[in-house]
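Understanding the architecture of this molecule
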Amino acid sequence: MLEAVWASALSASRGFTRPVPSVLFLVSLVASMLGLAWAMASIPTGTAYAVWVGIGATLTVLWSMAKGDELASPARLALITLLVACVAGLKVVA
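Worth saying up front: this structure is predicted, and the values here are computed from it rather than measured.

**Topic: the packing of helix α3 (residues 45-67) against helix α4 (residues 74-93)**
Two numbers describe how α3 lies on α4: the axes approach to 9 Å, and their chain directions differ by 155 degrees. Looking at the two axes, α3 sits roughly antiparallel to α4. Our pair here, α3 against α4, has a crossing hand that is left-handed. Contacts between α3 and α4 involve T47, A50, V51, G54, I55, A57, T58, V61, L62 and M65 on the former and, on the latter, R76, L77, I80, L83, V84, V87, L90 and K91. Here the contact of α3 with α4 is composed, by residue class, of 13 nonpolar, 3 polar and 2 charged.

Structure below.
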């Protein structure tokens, strides 16, 4: 979830010209990396990274859709669902 936070904060920082989103970006990025490192202690690296990126990408897109920055078309929602299914599958077989 923190990947979605830092990605959104990075966009809101407008090139690190806005202090509050810039600090939120840095804090959430560090926390996200710590979470990834913790996951890698018990999950293979490739799987941990795929799950981290997949969940982060999914939440970032859904947040952008909720804010109205991106279109929530049936095709996009189907592809996001497929992404989540693939990430869950990787975790199951890890």
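Still more to cover.
**A closer look at a nonpolar patch on the surface**
A surface patch of nonpolar side chains, about 440 Å² in accessible area, is lined by M1, I55, L59, L62 and L77. Tallying contributions element by element places α3 first for the nonpolar patch, with 3 residues. With respect to the secondary-structure elements, L59 resides in helix α3. A residue is classified by how much of its surface remains accessible, and L59, at 31% relative accessible area, is partly exposed.

**Considerations on the environment of C86**
One can find C86 in helix α4. Once the C-alpha coordinates of C86 and V51 are considered, the two residues, 35 residues apart in sequence, prove to be 9.0 Å apart.

**A look at helix α2 (residues 19-39)**
The terminal C-alpha atoms of α2, which comprises 21 residues, lie 30 Å apart, in line with the 30 Å expected from a rise of 1.5 Å per residue. Three or more residues of α2 are buried, namely P21, S22, F25, S28, S32, L36 and A39. Buried positions in α2, seen along its axis, are confined to an arc of 135 degrees and lie on one side of it. Exposed and facing more than 90 degrees away from the buried side of α2 are P19, V20, V27, V30, L34 and W38. The secondary structure elements touched by the buried residues of α2 are α1 (2-12) and α3.

The rules behind these values
Residues numbered from 1 in each chain as written. Predicted model: local features only at pLDDT ≥ 70, side-chain atom pairs only at ≥ 80, totals over all residues. Heavy atoms only, no water. Axes fitted to C-alpha atoms, helices over the stretch in contact; angles between N-to-C directions. Helix = DSSP H or I, 4+ residues; strand = E, 2+ residues; numbered from the N terminus. Parallel < 35°, antiparallel > 145°, perpendicular 65-115°, else oblique. Left-handed = near helix turned anticlockwise from the far one by under 90°. Contact = heavy atoms within 4.5 Å. Nonpolar A, V, L, I, M, F, W, Y, C, P; charged D, E, K, R; others polar. Patch = residues over 30% accessible without salt bridge, like charges linked within 9 Å, V, L, I, M, F, W, Y side chains within 5 Å. Areas by Shrake-Rupley, 256 points an atom, 1.4 Å probe, with all protein chains shown as cover. Salt bridge = Lys/Arg side-chain N within 4 Å of Asp/Glu carboxyl O. Buried < 20%, exposed > 50% of the residue type's maximum accessible area, 1.4 Å probe, protein only. Expected span 1.5 Å × (residues − 1). Arc of directions from axis to C-beta.

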